[in-house]
Amino acid sequence: MGCGVAAVDRNHRNFLLVSEAGSFSAAARSHGISQSALSESVSKLEDHYRVQLFDRVARGVLLTEYGQIVLERVKAIRAEYDNTAREIEAQREKSLAELRISCGPRWAINLMPALIASLQNEFRGFNARVVMAHRSQIMESLQKRETDVGVCGIAKPPQDPGLAYEMLSTVHSNIFAREGHPVHATGSAVDLSEWPWTNLHRSPVEQLLPEDVILKMSRKHMVTLTTDSFTIALRHAALSDNLLIIPEALANLAKSYGLKAVQGHLPIREFRTAVFYHRAIQSRPVIRRLITVIRDWDNGGQDEAALARALSR
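Quick notes on the rules
- Residues numbered from 1 in each chain as written.
- Predicted model: local features only at pLDDT ≥ 70, side-chain atom pairs only at ≥ 80, totals over all residues.
- Heavy atoms only, no water.
- Phe/Tyr/Trp six-rings, centres within 6.5 Å; stacked < 30°, edge-to-face > 60°.
- Helix = DSSP H or I, 4+ residues; strand = E, 2+ residues; numbered from the N terminus.
- Buried < 20%, exposed > 50% of the residue type's maximum accessible area, 1.4 Å probe, protein only.
- Polar contact = N/O pair within 3.5 Å; in protein donor to acceptor, adjacent residues only side chain to side chain.
- Contact = heavy atoms within 4.5 Å.
- Core = buried A, V, L, I, M, F, W, Y, C linked by side-chain atoms within 4.5 Å.
- pLDDT = per-residue confidence, 0-100.
- Arc of directions from axis to C-beta.

1. Some words on the packing of aromatic side chains
And then number 1: Per the stated rule, a full pass over the model turns up four aromatic pairs.
And then number 2: A centroid spacing of 5.3 Å and a plane angle of 40° characterise the contact between Phe-15 and Phe-54, whose relative ring orientation is tilted. With a gap of 39 residues between them, Phe-15 in helix 2 (residues 10–21) and Phe-54 in strand 1 (residues 54–57) connect regions that are remote in the sequence. There is no split in this pair, since Phe-15 and Phe-54 are both buried.
And then number 3: Relative to Phe-54, the ring of Phe-24 has its centre 6.2 Å away and its plane inclined at 70°; by these criteria the two rings are edge-to-face. With Phe-24 in helix 3 (residues 24–31) and Phe-54 in strand 1, the pair connects residues that are 30 residues apart, well separated along the chain.
And then number 4: Since its relative accessible area comes to 12%, Phe-24 is described here as buried.
And then number 5: Of the residues examined, Phe-54 reaches a relative accessible area of 1% and is grouped as buried.

2. What about the side chain of Asp-148?
And then number 1: With respect to the helices and strands, the residue Asp-148 is situated in the loop between helix 8 (135–143) and strand 5 (149–154).
And then number 2: A polar contact of 2.8 Å, which involves the side chain of Asp-148, links it to the backbone nitrogen of Arg-100.
And then number 3: Apart from the residues within four sequence positions on either side, Asp-148 is in contact with Glu-98, Leu-99, Arg-100, Leu-142, Phe-276, Tyr-277, His-278 and Ile-281.

3. Things to note about the nonpolar core
And then number 1: The biggest cluster of nonpolar side chains holds 29 residues, and the ones touching the most others in it are Leu-99, Leu-111 and Ile-294.
And then number 2: Of all the elements in the fold, those that place two or more residues in this core are strand 3 (98–103), helix 6 (105–110), helix 7 (112–122), strand 5, strand 6 (163–171), strand 12 (271–278), helix 13 (285–300) and helix 14 (304–312).
And then number 3: With seven residues, helix 13 is the single largest residue contributor to this core.
And then number 4: Look past the residues within four positions of Leu-111 in its chain and what remains in contact with it is Arg-106, Val-293, Ile-294, Trp-297 and Leu-307.

4. What about the environment of Tyr-66?
And then number 1: Here Tyr-66 lies in helix 5 (residues 65–95).
And then number 2: Classification of Tyr-66 as partly exposed rests on a relative accessible area of 41%.
And then number 3: Here the alpha-carbon distance between Tyr-66 and Leu-53, two residues 13 residues apart in the chain, equals 5.7 Å.
And then number 4: Among all residues touching Tyr-66, those that are not within four sequence positions of it are Val-51, Gln-52 and Leu-53.

5. Re the confidence of the model for the protein chain
And then number 1: On average, residues of the protein chain carry a pLDDT of 81, and 81% of them reach 70 or more.
And then number 2: Model confidence for the protein chain, summarised as mean pLDDT per element, is weakest for helix 1 (residues 3–7) at 45 and strongest for helix 4 (residues 35–49) at 93.
And then number 3: Contacts from residues 1–7, a stretch scored under 50 in pLDDT, to residues over four places away or in other chains number 13 contacts.

6. Concerning helix 7
And then number 1: Listing the buried residues of helix 7 in full gives Met-112, Leu-115, Ile-116, Ser-118 and Leu-119. Summarising the axial view, the buried residues of helix 7 lie within an arc of 160°, below the 170-degree limit, and thus occupy one face.
And then number 2: Against strand 3, helix 6, strand 4 (127–132), helix 13 and helix 14 lie the buried residues of helix 7.

Given below as structure tokens:
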């Protein structure tokens, strides 16, 4: 039974089932509907149109000339519904012919090329465009429907009923300062508001530090540089007294710039990485496969071996 049959009203639907089956009993058996319900629907239509739609014969029913008119119209309605469904499906396929993905550089460089190539082999006509962006840009593009799938860290999920998400790993961050910075001599009594900051959009201080610290910093205008670039942020911190928050996974990179992790009781908030996608596309096989590989790679160690395992499942 096509979607058009289900879309027309019940009385016309049951009339169509009887006309196609040739009898009330055959229609009832084929579609699991009682004969009395079918008969009631046809009677209501006959009352509505004030004509007889079927002639009862020994082996079932035959359409009258009036019934033939109704049948043609109901079939036309069903065809229109089916055509509408096909057009919508075609448009959905077209809109997903190039999936728009926004993520950070780690995901864009280490995961997406192999993942997209794998999906192209698995799903005919699939393609994707990957845009590297920081967290705020990713969430904004998702909410504006400019991005289909986004991967980024969040402090808390957005209140957008059109977005679905799956949580990934927890991102741990730390504060870094240049070697010889006075903050390294303060021990556990670190006053984070006493020093200027470099604000990296990917690890924004306003989301990772307590509100009282942010309030003190704002009064002192302590954020002296805001940038999207890891390189600029690291170089600036290495040549100044600015503090910098970056993920612990990049600690070795920070050390290569002459930066050192600040020790002591540092109230840095953890945040979770998540993959976001629009609810309208969440049931599509290519989306489910994409999310599964992202999750498996994230949980598996985020290296080449984890990628090979994720793609082979």
